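# Close look at the chain arrangement
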Amino acid sequence: MAIKVGILGATGFTGQELMVLLLRHPQVEIAWLSSESQPGTDYGKIYPQFQGRLPASVGILRSFADVKATQPDVVFSCLPHGASAECAAPFAANGKTLVIDLSADFRLQDLAAYEKAYAHPHPLPEVLKQARYGLTEIHADAIKGARLIANPGCYPTSALLPLMPLIQAGVISPDGIIIDSKSGVSGAGKKPTETTHYVYANESVAAYGVGDKHRHRVEIMEQLSLSAGRKVEVLFTPHLIPMERGILSTIYCDLAPGKDGAAAEACLKAAYAGAGFVRIREDFPRTADVKHSNFCHIKVYQPAGGNKLIIVSVLDNMVKGASGQALQNMNLALGLPAGLGLA
Ligand SMILES: NC(=O)c1ccc[n+]([C@@H]2O[C@H](COP(=O)([O-])OP(=O)(O)OC[C@H]3O[C@@H](n4cnc5c(N)ncnc54)[C@H](OP(=O)(O)O)[C@@H]3O)[C@@H](O)[C@H]2O)c1
């Protein structure tokens, strides 16, 4: 039996990336693709790479009103926060559909933290508790059989994959962590803004959301606090770099007393032994190593003469940071091999 899948916001960057992956998945059948701004348009006209690859009736974009009463097996919501929870609501309530939300709407358990960070009331607070945070390799058990999955943010995925096992195992101190991240421009979505416009972004590097300002910091801190069993605060500064896709995070932290870089490497190798998509590298990874793939590559390094640990983590923001991890979560939730259609 094919798994019938609908995509809310198929016209955006993550929707497009998801389509690339879903068309390779051996068990998925696309049920519908939605768009609010272009219903009735042929998806292949927007993205010619999909021409002739979908049945004609499926390739015509449908409005939310047109699809909201349908009950596909899986709905991926690739919409902006706020709109995403509202549009996911009927599917989350129908008792049949697995909902995987790529936005931030279900990522934070702390409602007040969500409303402060995103500056609007949560559209669906009563459903928040049902959501499982889909950092696949870390939360695999909780994702199996889940009905509503909050797909993690791209920056948080790059930081949490190395940090959570190290904190849980007591290899690093949860205090004083500094995360310095660089992202390609696709992280900002399809619609260019003044600061993501080619002329502004090209041949330039800029920090934004510095230190305590970016919303992903709240997500990172909530997950690290759950790992540590106490409140964890971090400093997080993202940078926009003139690159299409990819994230590189350089993380500075303190080793716990008696621990060293070798212990950190051993901890991560043990945590990810057998995990298909996380690699602990001997050398420093580059974003190009993981471009268009669902892999996260990590290197840990202890500089001489101190107790600092430096972690470098890379992933593709559109794949492991969004649509690839979402598909990995679908596979796990439905009892399929996590890497189906991804490796
Ligand atoms: N880009 C990344 O690297 C990345 C990584 C992780 C998570 N995310 C998250 O994934 C979600 C989608 O990101 P994206 O990069 O794909 O964004 P995007 O390229 O801007 O696409 C979002 C799509 O949502 C639709 N849309 C926009 N505003 C809407 C509204 N108010 N109501 C209903 N539909 C609306 C638009 O489709 P129509 O105009 O056709 O209606 C648009 O094509 C966001 O929540 C984002 O934060 C993105």
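Residues numbered from 1 in each chain as written. Predicted model: local features only at pLDDT ≥ 70, side-chain atom pairs only at ≥ 80, totals over all residues.

### Some points on the overall build of the protein chain
Which entries qualify depends on this criterion: Secondary structure elements follow DSSP: runs of H or I no shorter than four residues count as helices, runs of E no shorter than two count as strands, and numbering proceeds from the N terminus. In this treatment the radius of gyration is a C-alpha quantity, and the globule benchmark scales as 2.2 Å times the residue count to the 0.38 power. Each residue is classed by its C-beta neighbour count within 10 Å, where at least 20 other C-beta atoms makes it buried, 12 or fewer makes it exposed, and intermediate counts make it partly exposed; the C-beta atoms are placed from backbone geometry.
Broken down by element type, the protein chain carries 12 helices and 13 strands. For the protein chain, whose C-alpha radius of gyration is 20 Å, the value lies close to the compact-globule estimate of 20 Å for 343 residues. Based on the C-alpha atoms only, the size of the protein chain along its principal axes is roughly 65 × 45 × 40 Å. The buried share of the protein chain, taken over its 343 residues, is 49%.

### Regarding the sheet that holds strand β7 (residues 177–183)
Keep this limit in mind: Here the rule is simple: two strands pair whenever DSSP picks up at least two bridges between them. Throughout, a pair of residues is in contact if the C-beta atoms placed from their backbones lie within 7 Å. Fitted lines through C-alpha atoms serve as axes, helices being fitted only where they are in contact, and the angles separating the N-to-C directions of these axes extend from 0 to 180 degrees.
Sheet architecture is open: 7 strands sit in the order β8-β9-β7-β10-β13-β12-β11, paired in mixed fashion. With partners counted over all chains shown, the strands left at the sheet margins are β8 (206–207) and β11 (278–280), one partner each. Taken together, the 6 bridges between β7 and strand β10 (residues 247–254) define a ladder with antiparallel strand orientation. Bridged to serine 183 within β10 is isoleucine 247. Taken strand by strand, helix α10 (residues 215–228) contacts β7 and β9 (234–240), and its axis lies near 140° from that of β9.

### Notes on the sheet that holds strand β1 (residues 3–8)
Strand order in the open sheet made by the 6 strands is β2-β1-β3-β4-β6-β5, with parallel pairing throughout. Strands at the two margins of the open sheet, each flanked by one partner only, are β2 (28–33) and β5 (132–133). In this fold helix α1 (residues 13–22) packs onto β1, β2 and β3 (74–77), with an angle of close to 165° to the strand it touches most, β1.

### Thoughts on the domain arrangement of the protein chain
Reports of interface size often rely on the accessible area that becomes lost once the parts have come together. Threshold: The source of the domain bounds is an automatic or database domain assignment.
Here the protein chain is described as being made up of domain 1 (3–130) and domain 2 (155–317). For domain 1 versus domain 2, the distance between C-alpha centres works out to 27 Å. Contacts between domain 1 and domain 2 engage 10 residues on the former and 7 residues on the latter. If one sorts the elements of the side of domain 1 that touches domain 2 by residue count, helix α6 (residues 111–118) sits on top with 3 residues.

### Considerations on the packing of helix α8 (residues 154–168) against α10
The test is simple: In what follows, roughly perpendicular refers to angles from 65 to 115 degrees, roughly parallel to angles under 35, roughly antiparallel to angles over 145, and oblique to any angle outside these ranges. By definition, any crossing whose near helix is turned counterclockwise from its far helix by less than a right angle is left-handed, and any crossing with a clockwise turn is right-handed.
Their axes nearest at 10 Å, the elements α8 and α10 cross at an angle of 20°. As far as their axial angle goes, α10 and α8 are roughly parallel. Here the hand of the crossing between α8 and α10 comes out right-handed. Taken together, the residues of α10 that come into contact with α8 (itself represented by Tyr155, Pro156, Ala159, Leu160, Leu163, Met164, Ile167 and Gln168) are His216, Glu219, Ile220, Gln223, Leu224, Ser227 and Ala228.

### Observations regarding the packing of α8 against helix α12 (residues 319–333)
Heads up, the condition is: Basically, the charged four are Asp, Glu, Lys and Arg, the nonpolar ten are Ala, Val, Leu, Ile, Met, Phe, Trp, Tyr, Cys and Pro, and anything else, Gly included, counts as polar.
Their axes nearest at 8 Å, the elements α8 and α12 cross at an angle of 95°. Taken together, the axes of α8 and α12 are roughly perpendicular relative to one another. Contacts between α8 and α12 involve Cys154, Thr157 and Ser158 from the first element and Lys320, Gly321, Ala322 and Gln325 from the second. For the contact of α8 with α12, the residue count by class is 2 nonpolar, 4 polar and 1 charged.

### Side note on the pairing of β10
A regular strand places its side chains so that they alternate between the two faces of the sheet. One ladder, built from 8 bridges, connects β10 with strand β13 (residues 308–315); its direction is antiparallel. Along β13, the bridge assignment pairs tyrosine 252 with isoleucine 310.

### Comments concerning the nonpolar core
One broad rule of soluble globular proteins: the nonpolar side chains tend to lie buried together. The condition that has to hold: Only buried residues count toward a nonpolar core: Ala, Val, Leu, Ile, Met, Phe, Trp, Tyr and Cys, linked into one set through C-beta atoms within 7 Å.
Of all hydrophobic cores here, the largest spans 96 residues; its most connected members are Phe76, Leu163 and Ala264. Per-element accounting of this core gives the leading share, 9 residues, to α8. Mapped onto the domain boundaries, this core takes at least three residues apiece from domain 1 (3–130) and domain 2 (155–317). Once residues within four sequence positions are removed from consideration, phenylalanine 76 is found in contact with Val5, Ile7, Leu8, Leu18, Ile100, Leu102 and Ala326.

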